[in-house]
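Per-entry structural report
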Amino acid sequence: MTTMLAARLVSPGQPLNIEEVPRPRPGEDEVLLRVEACGLCGTDLHLAVVGDIPVERVPITLGHEGAGVVAALGSGVREFAIGDRVAMFPAAFCGKCRFCLAGRHSLCDASRVYGMARDGALAEYVVAPARTLIPIPDGVSSELAAIVTDGVSTPFHALRSRGRLVAGESVAVFGCGGLGTHAIILARLMGAGRIAAIDVDASALERARRLGADLVLDASAGDPAKAIRAGFGRGADLALEFVGKVETAEAAIRALDKSGRAVLVGVGAGRPALPALLAFVGREQSVLGSFGMDRADIEDLLSMVADGQLDLSASISGRYALSDVNAALQRLCDKSGGVVRIVVRT
Ligand SMILES: [Zn+2]
Ligand SMILES: [Zn+2]
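Residues numbered from 1 in each chain as written. Chains lettered and ligands numbered in written order. Predicted model: local features only at pLDDT ≥ 70, side-chain atom pairs only at ≥ 80, totals over all residues.

Close contact between helix α3 (residues 142–162) and helix α4 (residues 178–189) brings their axes to 8 Å; oriented N to C, the two are set at 55°. The angle between the axes of α3 and α4 places the two elements in the oblique class. The handedness of the crossing between α3 and α4 comes out as right-handed. In contact with Gly151, Val152, Thr154, Pro155, Phe156, Ala158 and Leu159 of α3, α4 contributes Gly178, Leu179, His182, Ala183, Leu186 and Ala187. When its residues are assigned to classes, the contact of α3 with α4 shows nine nonpolar, four polar and no charged. (Axes fitted to C-alpha atoms, helices over the stretch in contact; angles between N-to-C directions. Helix = DSSP H or I, 4+ residues; strand = E, 2+ residues; numbered from the N terminus. Parallel < 35°, antiparallel > 145°, perpendicular 65-115°, else oblique. Left-handed = near helix turned anticlockwise from the far one by under 90°. Contact = placed C-beta atoms within 7 Å. Nonpolar A, V, L, I, M, F, W, Y, C, P; charged D, E, K, R; others polar.)

This is the structure:
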């Protein structure tokens, strides 16, 4: 039997098991990938360390930000050849439901997320449906392609599809970790007017300032919504929340100008409150959820990286071997040395 190395979640709070498991075989419409890089993100911490996002079964191989090379094809796959370089959509969407048909893949009715419902890319090989794979343009590394699939596409989806950012509008970014940092880079690229960056971590705020945020606010020093009004002379047109906490979601809503949109990306069990109806309705404000990304978000971002329009050269804060994945998760947990994105190379 041919085996491979995989990082398996057995019990949240325990280190991942690095073990030899059987190498999977692709089904008819599937592709076997030799994984080259897999990004880690906050979701992996929820799964592996905190344990507040349930998985369908254990043990399960984690990793939903994968990129690699096609190593074998199912009998029905025509669109790829062995040796093609591809990035993985973070979930195996069905391609048939009304959301998939509308191109809104993160809303798929039958979605199966890697590391939660199917074995993921923190392994030497992974199997994925061919329809969910995106070709990597020449000149884009597997490492960058891997982080684009979630760490960059999630804030892009929030800015473009949900927030509908218009050039010149002001943007407030609540939470400047990996997603928020990329939101600042992308908002600049998309022609945002003034950008405010809000966090409690000094190194995250320093990074936001380097990336061109006009207003950098320590949320522990007072109400950031008031500070945005003071700094901009009015509220924000678009506020993005990447933290997943009630107080930051409410601050993002409070920070809005008339006609402003608050896009909530961070998830959690809390229930943020809306302003009084008289004020909320009278100001024509919106609160929107933004979940993941569409396939088109990843395709467009990979083109922007290939064309040199989107510079992600500072986005990879650490590279780890698959055998060191627990150290990589610990680094993400501690945020030691300032973390945008961590990549595991297999
Ligand atoms: Zn992720
Ligand atoms: Zn679907």
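Bringing the pairing of strand β12 (residues 195–199) into the picture now. For β12, the buried fraction is high: five of the five residues fall into the buried class. Here β12 shows no split at all, with Ile195, Ala197 and Asp199 on one side and Ala196 and Ile198 on the other all buried. Handedness of the crossover is the feature at issue here: the chain leaves strand β11 (residues 171–174), passes through α4, returns alongside β12, and the resulting connection is right-handed. In this structure, β12 lies alongside strand β13 (residues 215–218), joined through four bridges in parallel fashion. What sits directly across from alanine 197, in β13, is valine 216. Between the parallel pair β12 and β13, the chain is carried across by helix α5 (residues 202–210), and the sense of this crossover is right-handed. (Buried ≥ 20, exposed ≤ 12 C-beta atoms within 10 Å, placed from the backbone. Right-handed = clockwise from strand over helix to strand, strands pointing away. Pairing = 2+ DSSP bridges.)

Further remarks concern the domain arrangement of the protein. For the protein, the assigned domains are domain 1 (3–152 + 293–345) and domain 2 (164–289). A C-alpha centroid distance of 28 Å is found between domain 1 and domain 2. In the side of domain 1 that touches domain 2, the residues fall into five nonpolar, three polar and two charged. (Domains from an automatic or database assignment.)

Let us look at the sheet that holds strand β1 (residues 3–9). The sheet built from three strands is open, its strands ordered β2-β1-β4 with antiparallel pairing. Edge positions in the sheet fall to β2 (17–22) and β4 (60–61), since each of these pairs with one other strand and no more. In this sheet, β2 lies alongside β1 in antiparallel orientation, the contact comprising six bridges. Across the sheet, the residue bridging to arginine 8 is asparagine 17, located in β2.

Our focus in this paragraph is the pairing of β1. By the bridge criterion, two bridges tie β1 to β4 in an arrangement that is antiparallel. Across the sheet, leucine 9 pairs through a bridge with isoleucine 60, a residue of β4.

This part takes up the sheet that holds strand β15 (residues 256–264). Across the sheet, six strands lie side by side as β13-β12-β11-β14-β15-β16; this open sheet has parallel pairing. Single-partner strands in this sheet number two, and they are β13 and β16 (286–289). Taking the axes of each pair of neighbouring strands and ignoring which way they run, one obtains an average angle of 15° across the sheet. Bridging between β15 and β16 involves four bridges; their strand directions are parallel. Bridged to leucine 264 within β16 is glycine 289.

In this section: the nonpolar core. Ala172, Val173, Ala196, Ala197 and Leu240 are the most contacted members of the largest nonpolar core, which totals 114 residues. Structurally, this core is a two-domain feature, drawing no fewer than three residues from each of domain 1 (3–152 + 293–345) and domain 2 (164–289). Leaving out residues up to four positions away in the same chain, alanine 197 has contacts with Val173, Cys176, Ile184, Leu205, Ala208, Ala213, Val216 and Leu217. (Core = buried A, V, L, I, M, F, W, Y, C linked by C-beta atoms within 7 Å.)

Let's shift gears to unusual backbone geometry. Between valine 58 and proline 59 the backbone carries a cis peptide bond, its omega angle lying at -5°. Considering the arrangement of structural elements, one finds proline 59 in the loop between α1 (42–50) and β4. The phi angle at serine 259 is positive, at roughly 70°, despite the residue not being glycine. As for its placement among the helices and strands, serine 259 is situated in strand β15.

Within the element layout of this structure, arginine 283 appears in the loop between α8 (277–282) and β16. Between the C-alpha atoms of arginine 283 and glycine 13, which are 270 residues apart in sequence, the distance is 45 Å.

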